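Here is what each chain is made of, one letter per residue.
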Amino acid sequence: MHDETECDGGDATDHLAGVWPDSSLCPRRANQRLPAALADLEAWLAEITGFAGISLQPNAGAQGEYTGLLVIREYHRQRGDHHRQVCLIPQSAHGTNPASAVMAGMTVVAIACDKAGNIDVADLQAKAEQHRDNLAALMVTYPSTHGVFEAEIITICDIVHTNGGQVYMDGANMNAQVGLCRPADFGADVCHLNLHKTFCIPHGGGGPGVGPIGVKAHLVPYLPGHSLVAGVGGHQGIGAVTSAPWGSASILPISWMYIAMMGGKGLTRATEIAILNANYIAHRLAGHYDILYTGQNGRVAHECILDLRPFKKSADIGVEDVAKRLIDYGFHPPTMSWPVAGTLMVEPTESESNVELDRFCEAMIAIREEIRAIEMGRVDRDNNLLKNAPHTPVDLVSDWNRPYSREQAVFPTSYTRLAKFWPAVNRIDQAFGDRNLVCSCVGMEAYQA
Ligand SMILES: *Cc1c(COP(=O)(O)O)cnc(C)c1O
């Protein structure tokens, strides 16, 4: 059991103690209601982000955004600034950002991005000054969803503060920061963490989420409370945002275990490898595909965007054709058409081995050659490996009258001969089903008999 007065409450914490010696939130253990593992987690997340207080309550990144904005709104209200309702959001933002801002009662003002994918600082300056009397917040993602570290991030935060606003940082890309830099150090007032992305259920692996927020000291009083459990949140806290006082009991222990087992050094190493892996892919594929955005030194952060838009014209090949063909090569396709329509966003994280990264790059390079064959007119534009992908076992055993071999279709690489993933169905017409609802209920007649 944990000793309420001591900060190093067990083996796992000892393990971290050398790296994060003065966990400022340890006094929180005095709150007897907070389970020990959650107290650890709050302290660790505070240490990792540099924030004074953490709320584990929000159950998703989007809910963390909503909570963080409500906390900011409450801060302004307590100062008599009820009119501060303008929320600046860059065009590169995740769709949840404007949605959360609107739900928090704010008015969204868009900020332009430059050609390199960064926030257009001149536009930010102009809009912040224009709205200075009503400015509530800026929502900024760092590194940006374009996969670059905004070199101007400190200036960006300063501009917002100078004009009376608070900085909300979307921490979904924290996998590129943990152990290297901390949002609270370069100007964020609030930040959510997607534990299901960064700590440690694999990004894109699905499943339930958790989106705790961290806040600077001046916002701690407004952290969400709970109507049934005393001692949760700040003393002037906003109302609960979920029914459970500390969020998801099923996910938080996973993040606790991940942090405890990785330790400070391990977490930092994971961040470095995540950035290295993304740059490895960007570098290997650069001669074959355009990498949409890079930073000053020609590098990306922890993800890279492959621009497939030119192939629409040259070969009538779209991003979905490449995504489906990747299934034949044994890959679950990466994020498609976000944050830029017609592109693939690849985020390998630290979890993929070098062999796996090479296998992916080789598949992408081979697919590029398949596209080239269409561009050169050697292959039909409508009836080809990409348009017909993915290929199923049923295709294989049915009559074969395609302009390419069965082998090219299902065993495009030596690896696929060794370990083949067989898709069960052919392509389904993209979003058609989502947009054309069909009622599958049987009519009342069915019940008459
Ligand atoms: C995933 C993501 C979110 C939303 O997080 P959820 O947990 O899915 O609600 C917000 N912003 C960015 C940049 C993200 O990648």
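Everything here concerns the structure above.
Residues numbered from 1 in each chain as written. Predicted model: local features only at pLDDT ≥ 70, side-chain atom pairs only at ≥ 80, totals over all residues. Heavy atoms only, no water.

Trainee: Talk me through the site of the ligand; I want residue IDs and the actual numbers.
Mentor: Taken together, Ala60, Gly61, Ala62, Glu65, His94, Thr96, Thr145, Asp170, Ala172, Asn194, His196 and Lys197 are the residues near the ligand. Separating a nitrogen atom of the ligand from a side-chain N or O atom of Asp170 is a distance of 2.6 Å. In the model, an oxygen atom of the ligand is placed 2.9 Å from a nitrogen or oxygen of the Asn194 side chain. Contact with the protein chains covers 83% of the free accessible surface of the ligand, which is 380 Å². (Near = heavy atom within 4 Å. Polar contact = N/O pair within 3.5 Å; in protein donor to acceptor, adjacent residues only side chain to side chain. Areas by Shrake-Rupley, 256 points an atom, 1.4 Å probe, with all protein chains shown as cover.)

Trainee: Any chance you could break down the pairing of strand E5 (residues 166-171) for me, citing the residues and the numbers?
Mentor: Where burial is concerned, most of E5 is hidden: 6 out of the 6 residues are buried. Side chains Gln166, Tyr168 and Asp170 of E5 all project onto a buried face; the interleaved residues Val167, Met169 and Gly171 project onto the opposite face, where all are buried too. Two elements, strand E4 (residues 135-141) and E5, share 5 bridges in a ladder whose sense is parallel. Within E5, the residue paired with Thr141 across the bridge is Asp170. Crossover connection from E4 via helix H6 (residues 153-162) to parallel E5: handedness right-handed. (Buried < 20%, exposed > 50% of the residue type's maximum accessible area, 1.4 Å probe, protein only. Helix = DSSP H or I, 4+ residues; strand = E, 2+ residues; numbered from the N terminus. Pairing = 2+ DSSP bridges. Right-handed = clockwise from strand over helix to strand, strands pointing away.)

Trainee: Account for the sheet that holds strand E7 (residues 213-215), naming residues and giving values.
Mentor: The strand order across the open sheet built from 7 strands is E1-E7-E6-E5-E4-E2-E3, with neighbouring strands paired in mixed fashion. What marks the edges here is a single partner per strand, and that holds for strand E1 (53-55) and strand E3 (107-111). Strand-to-strand, the axes of this sheet are offset by a mean angle of 25 degrees, without reference to chain direction. The strands that H6 touches are E4 and E5; relative to E5, the one it contacts most, it runs at about 140 degrees. (Axes fitted to C-alpha atoms, helices over the stretch in contact; angles between N-to-C directions. Contact = heavy atoms within 4.5 Å.)

Trainee: Can you explain the nonpolar core? Please cite residues and give values.
Mentor: In terms of nonpolar packing, the biggest core is built from 50 residues, with Leu45, Leu56, Leu88, Leu124, Met169, Phe199 and Ile259 touching the most fellow members. Broken down by element, this core gets its largest block of residues, 7 residues, from helix H2 (residues 36-49). Among residues more than four places away in sequence, those in contact with Leu124 are Leu88, Ile111, Ile119, Leu138, Ile156 and Ile159. Listed in part, the 30 residues of the second largest apolar core include Ile317, Val322, Ile365 and Ile371. (Core = buried A, V, L, I, M, F, W, Y, C linked by side-chain atoms within 4.5 Å.)

Trainee: How would you explain the state of the cysteines if you had to name every residue and give the values?
Mentor: Counted by the stated rule, this structure contains 1 disulfide. A sulfur-sulfur separation of 2.4 Å characterises the disulfide bridge that pairs Cys439 with Cys441. As a non-bridged cysteine, Cys181 has Cys191 as the owner of its nearest cysteine sulfur, 11 Å distant. Exposure remark for Cys181: the relative accessible area of 23% places this residue in the partly exposed category. For Cys361, which is in no disulfide, the shortest distance to another cysteine sulfur is to Cys304 and amounts to 8.4 Å. (Disulfide = S-S within 2.5 Å.)

Trainee: Lay out the pattern of salt bridges in plain terms, naming residues and giving numbers.
Mentor: Taken as a whole and judged by the stated rule, the model has 16 salt bridges. For Asp328, the salt bridge goes to Arg325, with nearest N and O atoms at 2.8 Å. One end of the pair is Asp328 and the other is Arg325, both in helix H10 (residues 319-328) and 3 residues apart, which spans about a single turn. Judged on exposure class, the residue Asp328 and its partner Arg325 are both buried. A cluster of three or more residues bridged by salt bridges with shared partners is formed by Arg284, Asp358 and Glu362. (Salt bridge = Lys/Arg side-chain N within 4 Å of Asp/Glu carboxyl O.)

Trainee: Describe H10, and please don't skip the residues or the numbers.
Mentor: Counting buried positions along H10 gives 8 out of 10 residues, so the element sits mostly inside the fold. Buried residues belonging to H10 abut strand E10 (335-336), strand E11 (343-346), helix H11 (354-375), helix H13 (406-410) and helix H14 (414-418). A positive backbone phi angle near 90 degrees is found at Gly330, which sits one or two residues after H10.

Trainee: So what's going on with the environment of Ile201? Residues and values would help.
Mentor: One can find Ile201 in the loop between helix H7 (195-198) and E7. For Ile201, a relative accessible area of 17% puts it in the buried group. Along the sequence, Ile201 and Asp120 sit 81 residues apart, while their C-alpha atoms lie 34 Å from each other.

Trainee: Pulling in residues and values, what's your account of the packing of aromatic side chains?
Mentor: Scanning the entire structure with this criterion turns up 9 aromatic pairs. With a centroid separation of 6.5 Å and 65 degrees between ring planes, the pair formed by Tyr75 and Tyr222 is classed as edge-to-face. Here Tyr75, found in helix H3 (residues 61-78), pairs with Tyr222, found in the loop between E7 and helix H8 (252-285); they are 147 residues apart in sequence, far enough to count as distant. We classify Tyr75 as buried; its relative accessible area is 13%. Looking at Tyr222, the relative accessible area reads 8%, which means it is buried. Clustering of aromatic rings is evident, with ring pairs tying together Tyr142, Phe149 and Phe186. The aromatic ring of Trp400 is capped on one face by Arg402, whose charged end is 5.1 Å from the ring centroid. Against the face of Trp422 rests Lys420, its NZ or CZ located 5.1 Å from the ring centre. (Phe/Tyr/Trp six-rings, centres within 6.5 Å; stacked < 30°, edge-to-face > 60°. Lys NZ or Arg CZ within 6 Å of the ring centre and 35° of its normal.)

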